[in-house]
Amino acid sequence: MQLLKNERIKSYILIVLIILSFIQIGILLSYQSHGLPIGFFASIFRSVGKPDFVSFKNIRDEYFVPFRLAVSDGQSSHWLIDKDDELYKKIWDGTKTYLNTALSGKQPSGGDIWPVEQKWAELVIKKGILVEFRSSIGIGLIKWFLDINAENAGGPYGVHKIMVIPGDGVVERSTYLYITDGQMVYRYIIYNSISELIGDGFDGIINKLKTDKKYELKSYWVMKNIDPANKLPFTYSPEILCVVQRPAYRNYRNISYLVPEKIFSAGSDEVAELVLASEKFSYDGSVDYEDTIIFKNQDNLYRIYKNGLLEYRYISSHERVSEEEIDEAFVQACSFIKRISENFVSGAGIYLSGARMNRTQGTFEFRFDYMVDEIPVVFDYNSGMGGGKSASNAIVIEANGKRVLYCKWMLKEFNQGSKVIKYDARAENVINELLKFSGLSVKDILAAYVVSSDEGTDVGPSWVVEKADGERHIVMLNRE
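A brief report on the enclosed structure follows. Since the structure is predicted, the reported quantities are computational estimates derived from the model, not experimental observations.

Looking at the overall build of the chain
The helix and strand inventory of the chain stands at 12 helices and 30 strands. Taking all 480 residues of the chain together, the buried fraction comes to 51%. A separation of at least 24 residues holds for 67% of the contacts in the chain among residues at least 6 apart in sequence. For the chain, the computed accessible surface area is about 23200 Å², with 50% contributed by carbon and sulfur atoms.

Spelled out as structure tokens, the structure:
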């Protein structure tokens, strides 16, 4: 009996020694990465390849939102709905329900598919709901947002814009849902329409928008209303929102933007804490002759330039991704953004402006941008730092299902002025400017705050004309 007890004690001791040997190996590897063993111990309690936070619901609620959501009365008025309005949640929740039904069910037949140039212009002037994303979002990510597992053979490759036309189906109280991925238009029939989005319910929404004084300043036409016979000497997306009717002057607040003060007012240890969090002990930190802050270990490299540009690169090898990994890659990107934005971004929200698979690199590329009080922020300048790279988006992230592989992020803090200023937003001003060009193809025209330098003060809104070839033309709005 005593012998058995001694053998059991020896077994326990042997198990402890084995565990300690693994810990020692981890500590040695941590030292080889120029860090302290604290980082190794912290990693024990993190799942490999998983972000520090995983809340699918929070990610979906925060990033699966339209760039624009408008309601049309079928005549000429389109009202842009504020995200903080109770109507927005009602309309967007209903549209998501329809989208879920469409993408989970029977695919459209050949008779329900058209080239976008043939069909889209006639839809956007009808009575209904127009939903736009900043660019087409791949169908795999859309189905993850909606928690759909159904196959997609024969359906759209992505979702760029949606048109919901209540009461336009072949069955009483049914709804037509149109989806375009930028190339084709797909039609679905929704048989179980939501009562608030059809018939008297939808008419009530339109009547509210017509009588609410707040929405006088949110009323627009679309380009197709302005040019029904296509006589303008340039091509354009027919759903571009334009100010035509009074009031022609719209309210804006000027903004200021600057490099986050924390980057250079705090010491290197504090910046390491803000950027790297619990992993800071595994990095070497330094500042080069251009005041660029550098954090590096054998796998990762961060550079923070004095103009606020943050560049991150995973410098070890990585596997190529498959298209099915896009949801996991997106969660990795969102986790990275959450950690950095909490400490270095203020006065602006962050929205998803692009998502695609980079087949050359074998990664997913996600683009994000800032929005200040419902007004998008557009980057249009060459910072002269970070290899002289120009900035056209606030954040560009490449990721796979295990980690972020590359990030370029213009860190900015924004402040709004207290004074409301009226600007002349009439569409004729920007259209007259576009008549100077020949062979022009306009993808979008939007009122935005343009970031054209490292720091700016008293910056008012501008018309940003986005051309089909990716170039931009900036037209200043004039004060009243």
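Regarding the environment of Asp-469
Looking at where Asp-469 falls in the secondary structure, it is placed in the loop between β28 (461-467) and β29 (472-476). With a relative accessible area of 56%, Asp-469 lands in the exposed category. With 29 residues separating them in the primary sequence, Asp-469 and Leu-440 have C-alpha atoms 9.6 Å apart. Separated by 3.0 Å, the side chain of Asp-469 and the backbone nitrogen of Glu-471 make a polar contact.

Some details on the sheet that holds strand β24 (residues 413-416)
Here three strands make up an open sheet; going across it, the order is β24-β12-β27 and the pairing antiparallel. Pairing within the sheet leaves two strands with one partner each, and these edge strands are β24 and β27 (456-459). Between one strand axis and the next, the sheet turns by 15 degrees as a mean value, whatever way the strands run. Bridging between strand β12 (residues 255-258) and β24 involves four bridges; their strand directions are antiparallel. Directly across from Ser-256, in β24, lies its bridge partner Asn-415.

Re the environment of Val-275
Within the secondary structure layout, Val-275 lies in helix α10 (residues 268-276). With a relative accessible area of 0%, Val-275 lands in the buried category. When the C-alpha atoms of Val-275 and Ile-340 are compared, they prove to be 6.0 Å apart, with 65 residues separating the residues in sequence. If sequence neighbours within four positions are ignored, Val-275 has contacts with Tyr-302, Ile-304, Arg-339, Ile-340 and Phe-344.

Observations regarding the sheet that holds strand β25 (residues 421-424)
Here we have three strands laid out as an open sheet, ordered β11-β25-β30, and antiparallel in their pairing. Strands at the two margins of the open sheet, each flanked by one partner only, are β11 (249-252) and β30 (478-479). With four bridges joining them, β11 and β25 adopt antiparallel strand pairing. Among the inter-strand pairings, Arg-250 is bridged to a residue of β25, identified as Tyr-423.

Brief notes about unusual backbone geometry
With a phi angle near 55 degrees, Asn-230 is a residue other than glycine that sits in the positive phi range. Considering the arrangement of structural elements, one finds Asn-230 in the loop between α8 (223-226) and β9 (235-236). Although it is not a glycine, Asp-458 adopts a positive phi angle of roughly 50 degrees. Assignment of secondary structure puts Asp-458 in strand β27.

Concerning helix α6 (residues 139-146)
Of all eight residues in α6, seven are buried; the element is thus mostly enclosed. All of the buried residues along α6 are Ile-139, Leu-141, Ile-142, Lys-143, Trp-144, Phe-145 and Leu-146. Once α6 ends, the next one or two residues include Asp-147, with phi positive near 60 degrees.

Structural notes on the pattern of salt bridges
Counted by the stated rule, this structure contains 23 salt bridges. Notably, a salt bridge pairs Lys-218 with Asp-82, separated by 3.1 Å at the nearest N-O pair. Residue Lys-218 is located in the loop between α7 (199-211) and β8 (219-222), and its partner Asp-82 is located in the loop between β2 (78-80) and α4 (86-104); the two are separated by 136 residues in the primary sequence. You can call Asp-82 buried: its relative accessible area is 9%. Taking the shortest distance from any N to any O, the salt bridge between Lys-208 and Asp-212 comes out at 3.7 Å. Residues participating in the shared-partner salt-bridge network are Asp-82, Asp-85, Lys-214 and Lys-218.

Topic: the packing of α6 against helix α11 (residues 326-344)
When two helices pack together, their arrangement is given by the angle between their axes and by how far apart the axes lie. Contact pair α6 / α11: the axes reach a minimum separation of 9 Å and the direction vectors enclose 75 degrees. With respect to α11, the element α6 is oriented roughly perpendicular. Together, Gly-140, Leu-141, Trp-144 and Phe-145 of α6 and Ile-326, Asp-327, Phe-330 and Val-331 of α11 make up the contact between the two elements. Tallied by class, the residues present in the contact of α6 with α11 amount to six nonpolar, one polar and one charged.

Criteria and thresholds
- Residues numbered from 1 in each chain as written.
- Predicted model: local features only at pLDDT ≥ 70, side-chain atom pairs only at ≥ 80, totals over all residues.
- Heavy atoms only, no water.
- Helix = DSSP H or I, 4+ residues; strand = E, 2+ residues; numbered from the N terminus.
- Buried < 20%, exposed > 50% of the residue type's maximum accessible area, 1.4 Å probe, protein only.
- Contact = heavy atoms within 4.5 Å.
- Areas by Shrake-Rupley, 256 points an atom, 1.4 Å probe, with all protein chains shown as cover.
- Polar contact = N/O pair within 3.5 Å; in protein donor to acceptor, adjacent residues only side chain to side chain.
- Pairing = 2+ DSSP bridges.
- Axes fitted to C-alpha atoms, helices over the stretch in contact; angles between N-to-C directions.
- Salt bridge = Lys/Arg side-chain N within 4 Å of Asp/Glu carboxyl O.
- Parallel < 35°, antiparallel > 145°, perpendicular 65-115°, else oblique.
- Nonpolar A, V, L, I, M, F, W, Y, C, P; charged D, E, K, R; others polar.

On their own, these measurements won't tell you what the molecule is for.
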